[in-house]
Amino acid sequence: MTPPSDTEHAMPRLFIKDGTGQGLYHELSPGTTTIGRGRDCTIEMGSLGVSRTHAAIQLAPGGEAVIEDMGSKNGTLVNGARVERAVLREGDEIAIGQASFVYHAGATDGGAEPEAAPPGEGRVESEVRSVMKVDPMRGVDRGEEADSPEVLRKSHRYLAILYRVGRTVSATLNLNELLKALMDIVFEVVHPDEAFIMLKDEATGALKLRIFRSKASTAKEGTVAVSRTILDKVTREGVAILSADASADSRFSAAKSVLRFHMMSTMCVPLMREEKVLGVIHVANRVSSGEFREEDLQLFSGIAAQAALAIENATLYHNIQLEVRRRNNLQRYLPPSAVEQIMDGTRELNLGGEIKEVTVLFSDIRGFTHLSEDLPPNEVVGMLNEYFNEMTRIAFRNEGTVDKFIGDALIVVFGAAVPHPDDPSRAARTAAEMQAAMKGLNARWDAQGRKTFQIGIGINTGEVLYGNIGSEQRMELTVIGDVVNLASRLGDVARGGEVLLSGSTRDALGGSVRAERIKPLEVQGKAAPVEVHRMRLGACPSNPILPHI
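Residues numbered from 1 in each chain as written. Predicted model: local features only at pLDDT ≥ 70, side-chain atom pairs only at ≥ 80, totals over all residues. Heavy atoms only, no water.

J.: Even after reading the chapter, I still don't get the overall build of the chain, so can you show me in this structure?
T.: Looking only at helices and strands, the chain has 11 helices and 25 strands in total. Restricting to contacts in the chain with at least 6 residues of sequence separation, those with at least 24 account for 60%. Counting only carbon and sulfur atoms, one obtains 49% of the accessible surface of the chain, whose full area is about 26500 Å². (Helix = DSSP H or I, 4+ residues; strand = E, 2+ residues; numbered from the N terminus. Contact = heavy atoms within 4.5 Å. Areas by Shrake-Rupley, 256 points an atom, 1.4 Å probe, with all protein chains shown as cover.)

J.: Got a minute to help me understand the pattern of salt bridges in this structure?
T.: Opposite charge on two side chains permits pairing when their charged atoms draw close. Counting across every chain of the model gives 18 salt bridges. Between E498 and R534 there is a salt bridge, and its shortest N-O distance comes to 2.7 Å. Here E498 is found in the loop between α10 (482-493) and β23 (499-502), whereas its partner R534 is found in strand β25 (residues 530-535), with 36 residues between them in sequence. (Salt bridge = Lys/Arg side-chain N within 4 Å of Asp/Glu carboxyl O.)

J.: Please clarify how helix α6 (residues 336-343) should be interpreted in this entry.
T.: Turn by turn, an α-helix covers 3.6 residues, leaving residues three or four places apart pointing in a common direction. Of the residues making up α6, those classed as buried are A338, V339, I342 and M343. Here the buried residues of α6 occupy an arc of 130° about the axis, which is enough to place them on one side. Looking at the buried residues of α6, the elements they touch are α5 (294-331). With its phi angle positive at about 85°, G345 sits one or two positions after the end of α6. (Buried < 20%, exposed > 50% of the residue type's maximum accessible area, 1.4 Å probe, protein only. Arc of directions from axis to C-beta.)

J.: Can you walk me through the sheet that holds strand β10 (residues 93-96) in this structure?
T.: Strand pairing within a sheet occurs via backbone hydrogen bonds; the two strands may be parallel or antiparallel. Taken in spatial order, the six strands make up an open sheet running β2-β1-β11-β10-β7-β8, and their pairing is antiparallel. The open sheet has two edge strands with one neighbour each: β2 (25-27) and β8 (81-83). Strand-to-strand twist across the sheet, computed as the mean angle between neighbouring axes with direction ignored, equals 30°. Judged from the four bridges that link them, β10 and strand β11 (residues 99-104) form a sheet pairing that is antiparallel. Pairing of I96 across the sheet is with A99, part of β11. (Pairing = 2+ DSSP bridges. Axes fitted to C-alpha atoms, helices over the stretch in contact; angles between N-to-C directions.)

J.: Would you explain the pairing of strand β17 (residues 276-285) in this entry?
T.: For a regular strand, side-chain orientation follows a simple rule: the groups alternate between the two sheet faces. Burial analysis of β17 places nine of its 10 residues in the buried class, the great majority of the element. Bridge analysis of strand β13 (residues 194-200) against β17 gives six bridges, and the strand direction is antiparallel. Looking across to β17, one finds that M198 is bridged to V280. Taken together, the nine bridges between strand β16 (residues 265-273) and β17 define a ladder with antiparallel strand orientation. Along β17, the bridge assignment pairs C268 with H282. Between β16 and β17, which follow one another and run antiparallel, lie two residues, and E274 among them has a positive phi close to 50°.

J.: Please explain the environment of G75 as it appears in this structure.
T.: Locating G75 in the fold gives a position in the loop between β6 (65-69) and β7 (76-78). Considered as a pair, G75 and A55 are 20 residues apart in the sequence and their alpha carbons are 8.7 Å apart. Excluding residues within four positions of it along the chain, G75 makes contact with H54, D69, R82 and A95.

J.: Help me out: how do you make sense of the sheet that holds strand β3 (residues 31-36) in this one?
T.: Spatially, five strands are ordered β4-β3-β5-β6-β9 in an open sheet, and the strand pairing comes out mixed. Both outer strands of the open sheet, β4 (43-44) and β9 (85-87), are each paired with one neighbouring strand and no more. The sheet contact formed by β3 and strand β5 (residues 55-59) spans five bridges and is antiparallel. Of the residues in β5, the one forming a bridge with G31 is L59.

J.: Help me understand helix α8 (residues 377-397), please; the structure alone is not making it clear to me.
T.: Compared with an ideal rise of 1.5 Å per residue, which puts 21 residues at 30 Å, α8 spans 30 Å between its outermost C-alpha atoms and is within 8% of the ideal. The set of residues buried in α8 consists of V380, M383, L384, Y387, F388, M391, T392, I394, A395 and F396. Following α8 by one or two positions, E399 has its phi on the positive side, about 60°. (Expected span 1.5 Å × (residues − 1).)

J.: Teacher, can you tell me more about the pairing of strand β1 (residues 13-18) here?
T.: By the criterion of burial, β1 is predominantly enclosed, with five of the six residues buried. Bridge count between β1 and β11: five bridges; the pairing is antiparallel. Bridge pairing links F15 to V102 in β11. Here β1 runs beside β2; their pairing, made up of three bridges, is antiparallel. Among the inter-strand pairings, F15 is bridged to a residue of β2, identified as Y25.

J.: Just checking my understanding: could you explain a nonpolar patch on the surface for this structure?
T.: A contiguous nonpolar patch, built from I355, L465, I469 and I480 and spanning about 320 Å² of accessible area, is present on the exposed surface. Residue classification places I480 among the partly exposed positions, given a relative accessible area of 40%. (Patch = residues over 30% accessible without salt bridge, like charges linked within 9 Å, V, L, I, M, F, W, Y side chains within 5 Å.)

J.: Before we go on, may I ask you to explain the packing of α8 against helix α9 (residues 423-447) in this structure?
T.: Helix-helix packing is described using two parameters, namely the angle between the two axes and the distance between the axes. For the pair α8 and α9, the least separation of the axes is 10 Å and the interaxial angle reads 150°. The pairing of α8 with α9 is recorded here as roughly antiparallel in orientation. Here α8 runs over α9; the crossing is right-handed. Packed against α8, whose contacting residues are M383, E386, Y387, E390, M391, I394, A395 and R397, the element α9 presents T430, E433, M434, A437, M438, L441, R444 and W445 at the interface. Among the residues forming the contact of α8 with α9, the class breakdown is 10 nonpolar, one polar and five charged. (Parallel < 35°, antiparallel > 145°, perpendicular 65-115°, else oblique. Left-handed = near helix turned anticlockwise from the far one by under 90°. Nonpolar A, V, L, I, M, F, W, Y, C, P; charged D, E, K, R; others polar.)

J.: How should I be thinking about the layout of surface pockets in this particular structure?
T.: Gaps left between atoms are located by rolling a probe of water-molecule size over the structure's atoms. Approximately 670 Å³ is the volume attributed to the largest pocket. L175, K200, E202, R210 and T315 are, among the 24 residues lining the largest pocket, the residues nearest its centre. Put simply, the parts of the chain that give the lining of the largest pocket at least two residues each are α2 (175-189), β13, β14 (207-214), β17 and α5. Here the lining of the largest pocket gets nine residues from one element, more than from any other, and that element is α5. (1 Å grid on protein atoms, 1.4 Å probe; cavity = no way out; pocket = protein on both sides within 12 Å on 5 of 7 lines; lining within 4 Å. Points joined across faces, edges and corners; volume = space filled by probe spheres on them.)

J.: Looking at this model, I keep getting lost on the nonpolar core. Mind explaining?
T.: Note that soluble globular proteins tend to have their nonpolar side chains buried in a common cluster. In terms of nonpolar packing, the biggest core is built from 37 residues, with V190, I197, M267, L271, V283, F300 and I311 touching the most fellow members. Secondary structure elements with two or more residues in this core: α1 (149-169), α2, β13, β15 (239-243), β16, β17 and α5. Among the elements that line this core, the one with the most residues is α5, at 10 residues. Not counting chain neighbours up to four residues away, the residues in contact with V283 comprise V186, V190, P192, E194, A195, S265, T266, M267, F292 and F300. Membership of the second largest hydrophobic core comes to 36 residues, among which are A431, A437, W445 and I457. (Core = buried A, V, L, I, M, F, W, Y, C linked by side-chain atoms within 4.5 Å.)

J.: I would appreciate a short explanation of the packing of aromatic side chains in the present structure.
T.: The way to describe two aromatic rings as a pair is by their centre distance and the angle between their planes. Within this structure, the stated rule accounts for four aromatic pairs. With centroids separated by 5.2 Å and ring planes inclined at 50°, the aromatic side chains of W445 and F453 adopt a geometry described as tilted. Members of the aromatic cluster, joined through ring pairs, are Y387, F388, F405, W445 and F453. (Phe/Tyr/Trp six-rings, centres within 6.5 Å; stacked < 30°, edge-to-face > 60°.)

This is the structure we're talking about:
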C-alpha cells in the first residue's frame, strides 16, 4: 500500500480513512479483493468490528467495482447505508466495523480531472495556511502583545521547549542517535500522525530520507506521502510551510500528489544554517483537517533551527572522523608531504586497479634468524622498530610508498600511489641512504654493547598489478606480479651492505649510477638467467638527484 507519484493514476483504489494503514492507498487489481481481519485477506484490517472475511470487492475488466458483504456480523455500509451488494462510485465512503475507506475510480479518459473529495470533506479554503521565513525567536517576539499573561505563558512554554530541544540534540554527535532523539521530541511536542527527516547528500545535493516514523504500525518508509512541490519550495526558498488542507491550498492545488495523498494538515520546515539548507523536517496529519496552526509552525521552526545546528555539528564531527581515519590510513604507507597534498586536494591519490610501471625496493636483514635466537624477544622487537623507523623515514623522504613489512623484510614501491618521472632514481637513492643509515645504527648499537646486523637490498623495475587486494573483511592497497617476486629474490641473494639491480632498473637509471654487472641469477620459473648489477655505493656527481650515490 503505497501512494502514487505525481503521475496520472488509472487504477481504481481505496483510500484508508480510518483503521490499520490510515492515510494509505490500496490499488484494486482485476478480480477479487477481500477485506477482513484474517491473514489471508487482501487488505488485512485489525480494527474493532471487522469480521475475519468481512467484504469483497469485484473489479470487472471494464473498471466497474462491486462491493459485497461476506456475511459479516456488523455489516458493510456504503455512504451510511447497509448493503449486501453495491456498485461503487467515485467518492463513495465505505464503513467496515470501525474502519472506513473512500473509493476512487481512477483517471478517466479525459486525463487530469481531479478526484472528488470524500463526503462531508469538500475542498474549502483551509482555516490556517502560512508560508514564513524561519525565525526561531518568532514565537517569543510578540511586540505590543508581550505584556499579555497568555502571551507570556506561551512564550515561556516556547522557550522551555527550545531549551529542552537544545539540551537534548546537543547531547550526542552521533547523527543517527541525534535524529532519533529529534523525532522523539517532534512526536511529543507536535503530535503528528507521521514525520520524517530528509537530509541533503553532500556529494549530489539530493534529498535523502534519513528517518521516518508513523503512528500507524503498518506504515513503512516506502509509504511516505510527500509533495515534491512543497519540498521544492521549502528547500529552494528556505521557507517553512503550513498547509492545514494542502489539497485546498491554491499554491499547491495543481500538484497531483497533494490531491491524491489527502495530506489534510502538513508542516514542512527547512533545516537551515546561515542560509544553507541542510534538509527538511516534515510532519503530517492525514485526516484531521486544520489540526496544525500557525503557532505550531512557529514552534516547529524553532525546533528545526536548534536541530539544524546540532545536525551541522554532528555532520562536521563525522566528516572530521572520516578525515582522521583517512589520514591515518595514508600515513601508514605514504610520505607525510604526499599525505598533506592528498588531504588538501593538490595531489590526487591513485587508488589502483590497473597495470602500472613501478620500481620495487626489497630490503632484507642478513642473519636475522640467528639474531632472534640469541636475543630476548623484547630486544629483538626493539631493534626491529628502530631499524624500520629509520628505513621508513628514508623511504618517505624520497616519496616512496611503504608497501608492507614482512617479518624482517621491508617493501617500498616507487611510482604506484605517488608517481614521479624519476622513480628508479629515487629507489636507488633510497637504497644508498638505507645502507649508509645501517652503518650509523650499527655504530650506535655496538657502542651500547648490543648486537648488530646488515641488510641486503634488491631493486627491480617493471609492470605490476596495483590496487586494493584482499577479502571483504580486510583490503590492502598493494602491488603484485613477477616484478615484485624478482625484487624479493634480489633482496634475498644480496649480501650484507649490497644493493643489487635488475637489468630493467639498470637500463632505467642509465648513466646516473655506477654499477657493475655480476653473474646472472637463476630464478625459478624463468627460462633464462636474470641479468643482475651490483650498485657501487659512492659519490655520483653527474646525477643531482642522487648526491650520495
